[in-house]
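Below, each chain spelled out in residue letters.
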Amino acid sequence: MPLSPSVLKALIATPAISPMAKSTPKLTKTALGWAAHDSSGKLTPFIFKRRENGVDDVTIKILYCGMCRTDVHFAKNDWGNTAYPIVPGYEITGIVIKVGSNVSNFKIGGRVGVGYVAASCLDCELCKSFQENYCDHMRPVYNSIHWDGSPTYGGYSTMLVADHRYVVHIPESLPMDRAAPLMGAGLTVYTAMKHSNLFESQGKHMAVIGLGGVGHMAIKFGKAFGHHVTVISTSPSKEKDAKEKLGADGFILSTDLKQMQRNRRSLDFVIDTVSAKHSLGPYLELLKVNGIISIVGEPAQPIEVPATPLIYGKKVIRGSIIGSVKEIQEMIYFCGEHNILCDIEVVSTDKINEAFDRLAKNDVKFRFVLNVAGHQSSKL
């Protein structure tokens, strides 16, 4: 998940002085992207320059990029902090075509992925403890200012020059198109579950609020780690997908008060993926004593948190945002071993605006992936 609009606005306004900023690379590499130029959000072809491959960089030919509702919000300036032109996309997979002289862990031809973080200070306590996604000087892969002073442009483009410290390997067992959303949607739920201790023991009763691109990955990880998984939704039509398509064990219609009451104090953990305004009260009632609810959605307005169900059950509310590069690599290898992949619909670049319109209407099961390089096969 992205940084909040207020934090991003500050980053754009005041670029940080970073230990990485030793010199200003030349912007010499021509790339083709798909950019929004105003709040209409319409994406059109856009030619721009990326920096020369530096000693710590790898140049990546982008094959696929996941498409997220976050991309739509930024393109339309819904959060009031978009710097146009904007090239969205932070769920990137591709092939290495050049490596810097300091890079030993990547080779030309390597299958790689890049997530939301393009840069961080590398020197603070958070960076040194593999929590660079929380660094005050973290720079997102798009709609920000890189350490060299240039704007960052995302994965809706043909190539990317990336610092190798923010790049991960994609194992051969994962098709590149279905692996792309793991960089964002997959990572978001993986780290939320990891830091709520759901990987330490099996047999927990967990629930997922919302069945979208993020929510469907929570089901897959929950089942892979041996838990009983319930989906909570306002849409009764989603029960069939939840159980039959994704393997959920249960379904709760949150608008049905009898169902909610019947499941009171039945859950050890709830992951909340909803980005619209809502109250946590009904979901706190579903938690057992000492239960945890992890918020990974980011509503624009404050979430309502009633005190009574919270304090009468020693319940915990915590937040989580994306993850570190170390955690991305850890997750990717786990997905490769257990065949965990996103359910996707591949979008050609000429249909990019149609996909954006459908994203705005939640008309996707469960993640769009932009076919940047025009490949026909998902077996790459």
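Here, the structure is the one placed above.
The shown structure was predicted, so the numbers you read here are calculated from the model rather than taken from an experiment. (Residues numbered from 1 in each chain as written. Predicted model: local features only at pLDDT ≥ 70, side-chain atom pairs only at ≥ 80, totals over all residues. Heavy atoms only, no water.)

**Q** How do you make sense of the overall build of the protein chain when you look at a structure like this?
**A** Across its full length, the protein chain carries twelve helices and 17 strands. Expected size for 380 residues packed as a compact globule is a radius of gyration near 21 Å; at 20 Å, the protein chain falls within 12% of this value. Overall, the C-alpha framework of the protein chain stretches about 60 × 45 × 40 Å when taken along its three principal axes. When each of the 380 residues of the protein chain is scored for burial, the buried share is 54%. Within the protein chain, contacts between residues at least 6 apart in sequence are counted, and of these 69% link residues at least 24 apart. For the protein chain, the accessible area works out to roughly 16,100 Å², and carbon and sulfur atoms hold 52% of it. (Helix = DSSP H or I, 4+ residues; strand = E, 2+ residues; numbered from the N terminus. Rg over C-alpha atoms; globule rule 2.2 N^0.38 Å. Buried < 20%, exposed > 50% of the residue type's maximum accessible area, 1.4 Å probe, protein only. Contact = heavy atoms within 4.5 Å. Areas by Shrake-Rupley, 256 points an atom, 1.4 Å probe, with all protein chains shown as cover.)

**Q** I keep staring at the pattern of salt bridges and nothing clicks. Help me out?
**A** If the charged atoms of two oppositely charged side chains come close together, the side chains can form a pair. By the definition in use, this model includes 20 salt bridges. The partner of Glu330 in a salt bridge is Lys194, and the shortest N-O contact between them spans 3.3 Å. Here the residue Glu330 occupies a position in helix α11 (residues 325–338), and Lys194 occupies one in helix α5 (residues 185–194), the gap between them amounting to 136 residues. Note on Lys194: relative accessible area 25%, which makes it partly exposed. Residue Asp343 pairs with Lys220 through a salt bridge whose shortest N-O separation is 2.6 Å. Placement of Asp343 in the loop between α11 and β16 (344–348) and of Lys220 in helix α6 (residues 213–224) is noted, with a sequence separation of 123 residues between them. Each of the two residues, Asp343 as well as Lys220, counts as buried. (Salt bridge = Lys/Arg side-chain N within 4 Å of Asp/Glu carboxyl O.)

**Q** Just to check I follow, could you spell out α6 for this structure?
**A** If you check α6, its first and last C-alpha atoms are 17 Å apart, about what twelve residues at 1.5 Å a residue would give, namely 16 Å. α6 sits mainly inside the fold: ten of its twelve residues count as buried. Within the span of α6, buried status applies to Gly213, Val214, Gly215, His216, Met217, Ala218, Ile219, Lys220, Phe221 and Gly222. Directly after α6, the chain includes Gly226, whose backbone phi takes a positive value near 85°. (Expected span 1.5 Å × (residues − 1).)

**Q** Honestly, the layout of surface pockets in this entry has me stumped. Any pointers?
**A** Over the atoms, a rolled probe matching the size of one water molecule traces out where space is still vacant. The volume enclosed by the largest pocket comes to roughly 1,000 Å³. Lining the largest pocket are 39 residues, and of these Gly212, Thr273, Val274, Ser275 and Asn362 sit closest to its centre. Split by residue class, the lining of the largest pocket holds 16 nonpolar, 16 polar and seven charged. (1 Å grid on protein atoms, 1.4 Å probe; cavity = no way out; pocket = protein on both sides within 12 Å on 5 of 7 lines; lining within 4 Å. Points joined across faces, edges and corners; volume = space filled by probe spheres on them. Nonpolar A, V, L, I, M, F, W, Y, C, P; charged D, E, K, R; others polar.)

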